[in-house]
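# Descriptive structure summary
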Amino acid sequence: MKSKKNIVLIGMMGSGKSSIGKILSKKLNINFIDIDQKIEENEDLNISDIFKEYGENYFRKVEEKISLQYLKSDNSVISLGGGGFINRSIRKLSFKTCISFWLNWKNETIVNRIYKSKKRPLVMRLSRDQISNLIRERSKIYELSDYKINCEKLDKIQIINKIKYIYENN
Ligand code: S3P
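This report concerns the structure included in the present document. (Residues numbered from 1 in each chain as written. Predicted model: local features only at pLDDT ≥ 70, side-chain atom pairs only at ≥ 80, totals over all residues. Heavy atoms only, no water.)

### Brief notes about the sheet that holds strand 2 (residues 31-34)
Rules: A pair of strands is labelled paired if DSSP reports no fewer than 2 bridges between them. For helices the rule is a DSSP run of H or I covering at least 4 residues; for strands it is a run of E covering at least 2, with both sets numbered from the N terminus onward. Axes, fitted as lines to C-alpha atoms, cover a helix only where it is in contact. Angles between the N-to-C directions of the axes lie from 0 to 180 degrees. Whether two residues touch is decided by their heavy atoms; if any such pair falls within 4.5 Å, the residues are in contact.
With parallel pairing, five strands are arranged side by side in an open sheet as 2-3-1-4-5. Every other strand in the sheet has two partners, leaving strand 2 and strand 5 (147-150) as the edge strands with one partner each. Looking at each pair of strands side by side, their axes are set apart by 20 degrees on average, direction ignored. One ladder, built from four bridges, connects strand 4 (residues 98-104) with strand 5; its direction is parallel. Considered in strand 5, the bridge of Trp102 is made with Lys148. Lying over the sheet, helix 5 (residues 88-97) contacts strand 1 (6-10) and strand 4, oriented at roughly 115 degrees with respect to strand 4.

Structural data, given as structure tokens:
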């Protein structure tokens, strides 16, 4: 089979990158790579404990190393961590090896999903307004992705089929 670019899913925590990526990869019969999971395997710690024990800067370094490693794959669906695409090197390689899809939701939807989440160290101590500001700031960069999928009015299968259609016709 001719090697094809990867699909990279980007967007905020809680936007469904992992669950959509997993189903999408099955439908396309290609690999699924979840970067958060690869980071956890590499460090033998979960993301919350990496933040707690070593801090965010350390996490970002590992995130960069692991993301750059897996973005070199082909024929895969890759779900980046919410901060991955914000990193210039990760973004640059994503453009080269992948077709990027931003899973875009209303701010309010994301805030409701992640506010007070214990599994998400980055937002654990943030107010609803602070999370909303973070989404607004990041959206300026997510906006640079190849395709923006407005997920709000779609169900999961519709989101997946939309990405699949674009990918297969690319
Ligand atoms: C982060 C998102 C998380 C994880 C880490 C930091 C972020 O990934 O990488 O907690 O900066 O937005 P998900 O987007 O997969 O939850």
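### Overview of the environment of Phe85
Short version of the rule: Partly exposed residues are those whose accessible area sits between 20% and 50% of the maximum for their type, while under 20% is buried and over 50% is exposed, using a 1.4 Å probe and protein chains only.
Within the fold, Phe85 resides in the loop between strand 3 (76-79) and helix 5. For Phe85, a relative accessible area of 1% gives the class buried. Between the C-alpha atoms of Phe85 and Tyr142, which are 57 residues apart in sequence, the distance is 7.0 Å. Discounting chain neighbours no more than four positions away, the residues touching Phe85 are Ile10, Leu80, Arg91, Ser94, Phe95, Ile141, Tyr142, Leu144 and Ser145.

### Quick word on the site of the ligand
Keep this limit in mind: Consider each residue's heavy atoms; a residue with any of them within 4 Å of a molecule or strand counts as near. Polar contacts here mean pairs of N or O atoms no more than 3.5 Å apart (in protein, one a potential hydrogen donor and the other a potential acceptor; neighbouring residues in sequence count only if both atoms are side-chain atoms). Here, Shrake-Rupley sampling with a 1.4 Å probe gives the accessible areas, and only protein chains in the shown set may cover a residue. Cavities and pockets were defined on a 1 Å grid built from protein atoms only: a cavity is a group of points that admits a 1.4 Å probe but offers it no way out, a pocket is an open group of points flanked by protein on both sides within 12 Å along at least five of seven lines, and a lining residue is one with an atom within 4 Å of any such point. Just a note on the criterion: a molecule sits in a pocket or cavity if more than half of its atoms are within 2 Å of the grid points. Each residue gets one of three labels, nonpolar for Ala, Val, Leu, Ile, Met, Phe, Trp, Tyr, Cys and Pro, charged for Asp, Glu, Lys and Arg, and polar for the others, Gly among them.
Around the ligand, the structure places Met13, Lys17, Asp36, Ile47, Phe59, Arg60, Gly81, Gly82, Gly83, Arg120, Leu122 and Arg138. A distance of 2.7 Å separates an oxygen atom of the ligand from a polar atom in the side chain of Arg138. Against a free-state accessible area of 380 Å², the protein chains account for coverage of 93% of the ligand. The cavity where the ligand resides is the largest pocket. Residues that form the shell around the ligand fall into these classes: four nonpolar, three polar and five charged.

### Details of the environment of Lys17
Within the fold, Lys17 resides in helix 1 (residues 17-28). A residue is classified by how much of its surface remains accessible, and Lys17, at 9% relative accessible area, is buried. Lys17 sits 84 residues away from Phe101 along the chain, and the two C-alpha atoms are 9.7 Å apart. The residues touching Lys17, leaving out its near neighbours within four places in the chain, are Leu9, Ile10, Gly11, Met12, Ser79, Leu80, Gly81, Gly82 and Leu103. At a separation of 2.8 Å, a polar atom in the side chain of Lys17 contacts the main-chain carbonyl oxygen of Gly11.

### What to know about the layout of surface pockets
Spelled out, the test is: Grid points are joined across faces, edges and corners, and a volume is the space filled by probe spheres set on the points.
Taken as a whole, the largest pocket spans an internal volume of roughly 560 Å³. The residue makeup of the lining of the largest pocket, split by class, is eight nonpolar, ten polar and nine charged.

### Comments concerning the packing of aromatic side chains
Put simply, the test is: To pair, rings of Phe, Tyr and Trp, with the six-membered ring standing in for Trp, must have centres within 6.5 Å; the planes then decide the type, stacked if under 30 degrees apart, edge-to-face if over 60, and tilted in the middle.
In this structure the tally under the stated criterion is five aromatic pairs. For the ring pair Phe101 and Tyr147, a centre distance of 5.3 Å and an interplane angle of 20 degrees mean the geometry is stacked. Separated by 46 residues along the polypeptide, Phe101 in strand 4 and Tyr147 in strand 5 bring together distant segments of the chain. Judged by its relative accessible area of 29%, Tyr147 is partly exposed. Judged by centre distance (5.8 Å) and plane angle (45 degrees), the ring pair of Trp102 and Tyr142 falls under tilted.

### A few points about the packing of helix 6 (residues 107-114) against helix 7 (residues 128-142)
Worth spelling out the cut-off: An angle counts as roughly parallel when it lies under 35 degrees, as roughly antiparallel when it exceeds 145, as roughly perpendicular when it falls between 65 and 115, and as oblique in every other case. Crossing handedness: left-handed means the near helix sits turned counterclockwise from the far one by under a right angle, and right-handed means the same turn made clockwise.
Where helix 6 contacts helix 7, the axes come no closer than 10 Å and their chain directions differ by 125 degrees. On the basis of the axis angle, helix 6 is oblique to helix 7. Relative to helix 7, helix 6 is oriented so that their crossing is right-handed. Of the residues in helix 7, those touching helix 6 at Asn107, Ile110, Val111, Asn112 and Ile114 are Arg128, Ile131, Ser132, Ile135 and Arg136. Taken together, the residues that form the contact of helix 6 with helix 7 break down as five nonpolar, three polar and two charged.

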